[in-house]
Amino acid sequence: MRFATELDASPGRGGYAEAREAGRILHECRERINRLINGEAPEHVIFTLNGSDSLNVAIKGLISPGTRDHAVTTWMAHNSVLRPLNALAERGDTEQTRIPCDPKTGLVDPQEIARAITPHTRLVAITHGSNVAGTLMPLREVGMICRERDVPFLVDAAQTAGHVPIDVQELNIDILCCPGHKGLMGPLGTGCLYIRPGMEDRVRTMREGGTGSLSESDIQPSNMPDKFEAGSHNAIGIAGLNAAVAWIFERGVDHIWEHEQEIMNHMLQRLDEDEMPGLRLIGPPDFQNRCGVFSIVIDGIEPNELSAILEDEYGLLTRAGFHCAPLAHRTFGTDRLGGTTRISFGAFNTETDVDALCDALQEICQEYAATSTSR
Ligand SMILES: Cc1ncc(COP(=O)(O)O)c(C=O)c1O
């Protein structure tokens, strides 16, 4: 609100007070995000349009068509990793290995990643938390493998940034991508990308343009963050993101994660197959290796229909279908069912919300089981 009514100026362009204040807000946001992920330098936090944009900047900056550049990813990847890699492969001569994941848990075996790396591998891209099943991938092991082989390690933290503590230095993460509008709780149309100092030299720019710096030159600057921030920022969105990340610090990401784990635990205890006939939880069956994203199917009810019942009859908002992750659904065998219904929890949810959801699921399952036996 303050940005819209008092500032509304382009950071790094004019030298007047409003533009300087806008620049300060952008820098403050970079500092907060850098601190949140234990990054090495705030200028290495780059603002983007969304999670897909961050991933495109990183993937297309590391893999060049017309070379034999090779990328490794997994079947849990979102389309914002799969599609850029496929588009690059279509442009010619790049290669990729997509590692299948465990059909029960969604976990990848880090040793399979190690085996897939070749002398041409320029990228290993892993989703931290699956947006289908909530599986938390073994980042520590994969990070160690990548650092030993000097292969850039990219983590898609779309489902975990702001929910789960992430330490990029401890986990050997070279590039971390996330949207601003999910766990970071900023407005839509914001995103960010952290590139470890030193790694930026290996990432080519995907677009070039005005940066407000080195304006006397017609060559894109190589300093951070300007190298990857061509054009005017979504400054009002970033001001919103800054306020949201300040709230995360106030609450503490460790505290948010503890709270979400309590909710997850309660949800897992309440998902009772005897009380909920026909209901199946997809992904990790217990507390281990999971974040607060749950996919469910109920025998005989289409995912879209289940989401519609939950909204219309109980006021509960979920998302049905393939969740832009077709290979994840193939892994779990839910591609044949039209996907799943996905429930996700955040910092503001409570155990009462879980109870409301589970009571609704119990009622739906029991009603459906009774009508299908009487048919
Ligand atoms: C795991 C994962 N990666 C990437 C994205 C893409 O983020 P955005 O919608 O901001 O482009 C999403 C969005 O749902 C996601 O869940």
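Conventions and cut-offs
- Residues numbered from 1 in each chain as written.
- Predicted model: local features only at pLDDT ≥ 70, side-chain atom pairs only at ≥ 80, totals over all residues.
- Heavy atoms only, no water.
- 1 Å grid on protein atoms, 1.4 Å probe; cavity = no way out; pocket = protein on both sides within 12 Å on 5 of 7 lines; lining within 4 Å.
- Points joined across faces, edges and corners; volume = space filled by probe spheres on them.
- Helix = DSSP H or I, 4+ residues; strand = E, 2+ residues; numbered from the N terminus.
- Nonpolar A, V, L, I, M, F, W, Y, C, P; charged D, E, K, R; others polar.
- Expected span 1.5 Å × (residues − 1).
- Buried < 20%, exposed > 50% of the residue type's maximum accessible area, 1.4 Å probe, protein only.
- Contact = heavy atoms within 4.5 Å.
- Domains from an automatic or database assignment.
- Buried area = accessible area lost by both parts, 1.4 Å probe.
- Salt bridge = Lys/Arg side-chain N within 4 Å of Asp/Glu carboxyl O.
- Polar contact = N/O pair within 3.5 Å; in protein donor to acceptor, adjacent residues only side chain to side chain.
- Pairing = 2+ DSSP bridges.
- Axes fitted to C-alpha atoms, helices over the stretch in contact; angles between N-to-C directions.

### Brief notes about empty space enclosed by the protein
1) Next: For the coordinates displayed, the defined rule picks out 4 cavities of 30 Å³ or more.
2) Next: Roughly 40 Å³ of volume is contained in the largest cavity.
3) Next: Taken together, Ile-33, Leu-36, Ile-37, Ala-161, Leu-176, Cys-178, Leu-184, Cys-192, Leu-193 and Tyr-194 form the lining of the largest cavity.
4) Next: Looking at the lining of the largest cavity, the elements that each hand over two or more residues are helix 2 (17–36), strand 6 (175–179) and strand 7 (191–195).
5) Next: Ranked by residues supplied to the lining of the largest cavity, first place goes to strand 7 with 3 residues.
6) Next: The residue makeup of the lining of the largest cavity, split by class, is 10 nonpolar, no polar and no charged.

### Here we look at helix 4 (residues 79–91)
1) Next: Here helix 4 contains 13 residues, and its C-alpha end-to-end distance of 18 Å stays within 8% of the 18 Å for a straight helix at 1.5 Å per residue.
2) Next: Buried residues of helix 4: Asn-79, Ser-80, Val-81, Leu-82, Pro-84, Leu-85 and Leu-88, and no others.
3) Next: Residues of helix 4 that are buried in the fold lie against helix 3 (51–62), strand 2 (70–74), strand 3 (95–99), strand 4 (121–127), strand 5 (153–156) and helix 10 (326–332).
4) Next: Backbone geometry just after helix 4 places Gly-92 at a positive phi near 115°.

### Topic: the domain arrangement of the protein chain
1) Next: Domain annotation of the protein chain identifies domain 1 (2–251) and domain 2 (253–374).
2) Next: Between domain 1 and domain 2, the residue contacts involve 32 residues of the former and 32 residues of the latter.
3) Next: In total, about 2,700 Å² of surface goes out of reach between domain 1 and domain 2, with carbon and sulfur atoms giving 66% of it.
4) Next: Looking at the side of domain 1 facing domain 2, the largest losses of area belong to Trp-75, Val-132 and His-163, adding up to 25% of the total buried there.
5) Next: Between the two partners, domain 1 and domain 2, sit 0 salt bridges.
6) Next: At the boundary of domain 1 with domain 2, the tally comes to 9 residue pairs in polar contact (both at pLDDT 80 or more).
7) Next: A per-element tally of the side of domain 1 that touches domain 2 places helix 7 (residues 235–251) first, with 3 residues.

### Overview of the sheet that holds strand 4
1) Next: The 7 strands lie next to each other as 1-7-6-5-4-2-3, forming an open sheet whose pairing is mixed. Of all the strands in the sheet, just strand 1 (45–48) and strand 3 have a single pairing partner and so form its edges. Mean inter-strand twist for the sheet, computed between neighbouring axes without regard to direction, equals 20°.
2) Next: Pairing between strand 4 and strand 5: 4 bridges, direction parallel.

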